[in-house]
Structures are given as C-alpha cells and as structure tokens.
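Chain by chain, the residues:
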Amino acid sequence: MTSSTETGNVTGTKDKSYNLIWFTEACLSNALRLEGYIDDAERDGDQELADFFRKAQADSRKGAEQAKAMLRSKLND
C-alpha cells in the first residue's frame, strides 16, 4: 500500500526524506558491490567488463555524492 501524501506515520520520517536516505544507501551499497564485480572481471582477464563495472561504480558514487548534498539541504526542511 502506497500513499500519495508524505505522512511519515510509520517511520516518523517524511516519505521524501526516507526516499532520499534510501537512494543514498542504495548508491553506496551498489558502489561497494561493484568492487567485487570488477575484481571478478579482472580475475577472468575481461578488461572490457571491468571497465564497464568501473563506469557503473563511478556513476553510483556520483549519485551518492549528489544525494548526500541534497540530504544536507533537504533534511532541514
């Protein structure tokens, strides 16, 4: 069940803040997980795949940094 209003009845946190916190954690977790994928690709000698995962990891880090900046401004709302 989802709501179209930001109530925070269950978590005590506005939906938009909770979503931003979740997104930040997901980006950071993804960057960490991709480190293992890079290692696996390199171990198999697949530099193309390792580079692909490195780009995805950089994108995840960028998303996390943007989300952290947004958190700083939005959590004070």
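Attention here is on the structure that accompanies the text. As the structure is a computational prediction, the values presented were derived from the model and not from experiment.

The next subject is the pattern of salt bridges. Under the defined criterion, the tally for this structure stands at 5 salt bridges. Put simply, Glu42 and Arg54 hold a salt bridge, and the shortest N to O gap is 2.0 Å. Note that Glu42 is positioned in helix α1 (residues 15–43) and Arg54 in helix α2 (residues 47–74), a separation of 12 residues in sequence. Salt-bridge contacts for Asp51 lead to Arg54; the nearest nitrogen and oxygen are separated by 3.0 Å. One end of the pair, Asp51, and the other, Arg54, are both in helix α2, 3 residues apart, so they sit about a helical turn from each other.

Parameters and conventions
Residues numbered from 1 in each chain as written. Predicted model: local features only at pLDDT ≥ 70, side-chain atom pairs only at ≥ 80, totals over all residues. Heavy atoms only, no water. Salt bridge = Lys/Arg side-chain N within 4 Å of Asp/Glu carboxyl O. Helix = DSSP H or I, 4+ residues; strand = E, 2+ residues; numbered from the N terminus.

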